[in-house]
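# Architecture at a glance
Residues per chain are reported as follows:
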Amino acid sequence: MSIDPPVTARRGAPVVQGAPPADLDPGHRRAARRRSTALLTVGLVLLAVNLRPGVVAVAPLLDTMRADTGMSTGMAGLLTTLPLLCFGLLAPLAPRLGRRFGVNPVLLLMMALLAVGTVLRLLHPTSMLLVGTLLVGAAIAVANVLLPGVIKQEFRSRVALMSGVYSMSLFIGAALAAGLTLPIRNTLHLGWRPTLAVWGLLAVLALLVWLPQLRHRAAKESPGTSRSRGGDVNDELVRGLWTHPVAWFVAFYFAAQALVFYSAAAWLPTILTGTGMSSGAAGWMLSFSSLTAIVGALVTPMVANRWLHPGVLVLLSAVLTMIAFAGLLVMPDADTYLWMALMGVGQGAGLSLSVMFIVLRAPDARHAAQLSSMAQCSGYVLAAVGPFALGALHDSTSGWGLPLAVLIALGVPTIACGLSSARNRYASREVTVA
C-alpha cells in the first residue's frame, strides 16, 4: 500500500503521517503533532460513520418504496443484499487500489463516490435506484477494507483503542440512519428519495475533513513505482494469507458475526411488527440496539488483555447475542428493550473484536489491508445470503421460530472461530510473535 513510512514518535504517541517540520521548536512540534493526530482521528471517525447509513437507511423506507414504485419483494430484497455483495466481491480490489493510488486519495474518492451514488437514487427510474445502490456499496466496500490498515499504520501504540473507536463509529452511523430516517422524512415532509439523499451530506462532510490528509502522501515514492516494485511481493502475501489457518479463523469469525448482524437487521423490524408493535416503534428498537452496540464496541477493546482475555470477551459477546435471540423466540412481546440491549452489546463487542483481530493478527499495515480484504470478502458474501435464507425459512414454516433458532445456533461456530482468533499469533509465515 502507498502509505507513508513509519515516523518515529515519542513513546505512547500514535505514529501520524505528516510529521511537523524539524525546524520547529519542541513546543510547536508537539502542538502540531497533536493537531495532526486530532484531525486524522476525526477524519477516521467520520469515514467510519459513513459506512452504514447508505445501507441501513433503506430498511425503514422499504415499504414506502415498494408502494411507490411497485417493485417486487425480490427487487426489494436486492436493494438490501446488493451492498453486501459489493462489500464481499469488491473487497479484494481495495488493497490494489490503495497500492496503486495511495490509501488517502482512494478513501477521499470513495466518499465522493458514496455521495454520487446517494444522489443518483434521487432519479426516478428504478434502474437508477439500483445503480446508485451499487455505487454506494462499492464505495463502502473499499473503505471498509482500507481503514483497518490505516489504524495499523497510524496508531500502532493504540490499536485496541482505535479499533474500538472505529467499530463504535460504525454503530453510530447505523443508529443515526435507523433512528433518524423516518423523523427526517416526516419533519421535513420529504419523499423517500430525498430522504435517502440527505445521508449524502454526511459523506460530503467526511470528504472535506479528510481532504488535508492528501498532502501527507509519501514524497519519495510515486503510486506507479509503488505498484511495480511491490506487485510480486503482495501477490505472494495474498497467496500466503489464503492458505494460513490464522487468517481463516479471523475471516470466519468476521463472517459469522456479519452473517448474524445483517440477518437480524434485515428482519428484526418485521419480527417485531409481527408481535403487534408499530413500524415506528420497531424502527426505534433497531436504532436502540445500535445505540447499545456503541457501548460494547468501545468498551470491549479497552478491557481486552488489560482485564479480560480476548477469548473471554468472544464468549461473552456470543452468549449475550444468543440470549437476546432466545428472548425474542420465547417472549417476543415482553422485555423487548432488554433483548435489544443484550443484542446490541453482544453484536457491538463482536464487531469490535473482529476488527481488532484483523489488526492484531497482521504484523504490519500491508498484511492488515490484505487480511481485512480476505475477511470481508468471505464475510460479506456469506452475510448477503443470510437475509434471503432467513426469509426462505420463514416462508417455509410460516413463522420466525426456526429462523431465530438458526441465529442462536450460529453462536457456536462464532465462539469456536473467535477463540482461535484470540490466540496471540500472526497470520503470516514470514513474521512470528516475539
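For the structure given in this document, a descriptive report is provided here. (Residues numbered from 1 in each chain as written. Predicted model: local features only at pLDDT ≥ 70, side-chain atom pairs only at ≥ 80, totals over all residues. Heavy atoms only, no water.)

This paragraph deals with the nonpolar core. Membership of the largest hydrophobic core comes to 74 residues, with the highest contact counts inside it found for L107 and Y166. Once residues within four sequence positions are removed from consideration, Y166 is found in contact with L44, A48, L51, N144, L147, P148, I151 and V355. Grouped together as the second largest cluster of nonpolar side chains are 40 residues, A264, L272, F288 and M343 included. (Core = buried A, V, L, I, M, F, W, Y, C linked by side-chain atoms within 4.5 Å. Buried < 20%, exposed > 50% of the residue type's maximum accessible area, 1.4 Å probe, protein only. Contact = heavy atoms within 4.5 Å.)

Structurally, S287 is set in helix α13 (residues 279–303). On the basis of relative accessible area, S287 is assigned to the buried category, the value being 3%. One polar contact links the side chain of S287 to the main-chain carbonyl oxygen of A175, over a distance of 3.2 Å. With residues up to four places along the chain from it excluded, the contact list for S287 reads A175, A178 and G179. (Helix = DSSP H or I, 4+ residues; strand = E, 2+ residues; numbered from the N terminus. Polar contact = N/O pair within 3.5 Å; in protein donor to acceptor, adjacent residues only side chain to side chain.)

Let us look at a nonpolar patch on the surface. A cluster of nonpolar side chains, namely W307, L308, V312 and L316, defines an oily patch on the protein surface of about 400 Å² accessible area. When you line up the elements, V312 lands in helix α14 (residues 310–330). (Patch = residues over 30% accessible without salt bridge, like charges linked within 9 Å, V, L, I, M, F, W, Y side chains within 5 Å. Areas by Shrake-Rupley, 256 points an atom, 1.4 Å probe, with all protein chains shown as cover. Salt bridge = Lys/Arg side-chain N within 4 Å of Asp/Glu carboxyl O.)

Moving on, we get to the environment of T195. Assignment of secondary structure puts T195 in helix α9 (residues 192–198). For the pair T195 and L122, spaced 73 residues apart in sequence, the C-alpha separation works out to 9.1 Å.

With that out of the way, let us pick up the packing of aromatic side chains. As enumerated under the stated definition, the model contains 10 aromatic pairs in all. Summarising the aromatic geometry, the rings of W267 and W400 are spaced 5.3 Å apart at their centres and angled 45 degrees between planes, so their arrangement reads as tilted. With W267 in helix α12 (residues 245–273) and W400 in the loop between α16 (365–397) and α17 (401–409), this pair connects stretches of sequence that are 133 residues apart. For W267, a relative accessible area of 25% translates into the label partly exposed. (Phe/Tyr/Trp six-rings, centres within 6.5 Å; stacked < 30°, edge-to-face > 60°.)

That's the geometry; what it means functionally is another story.
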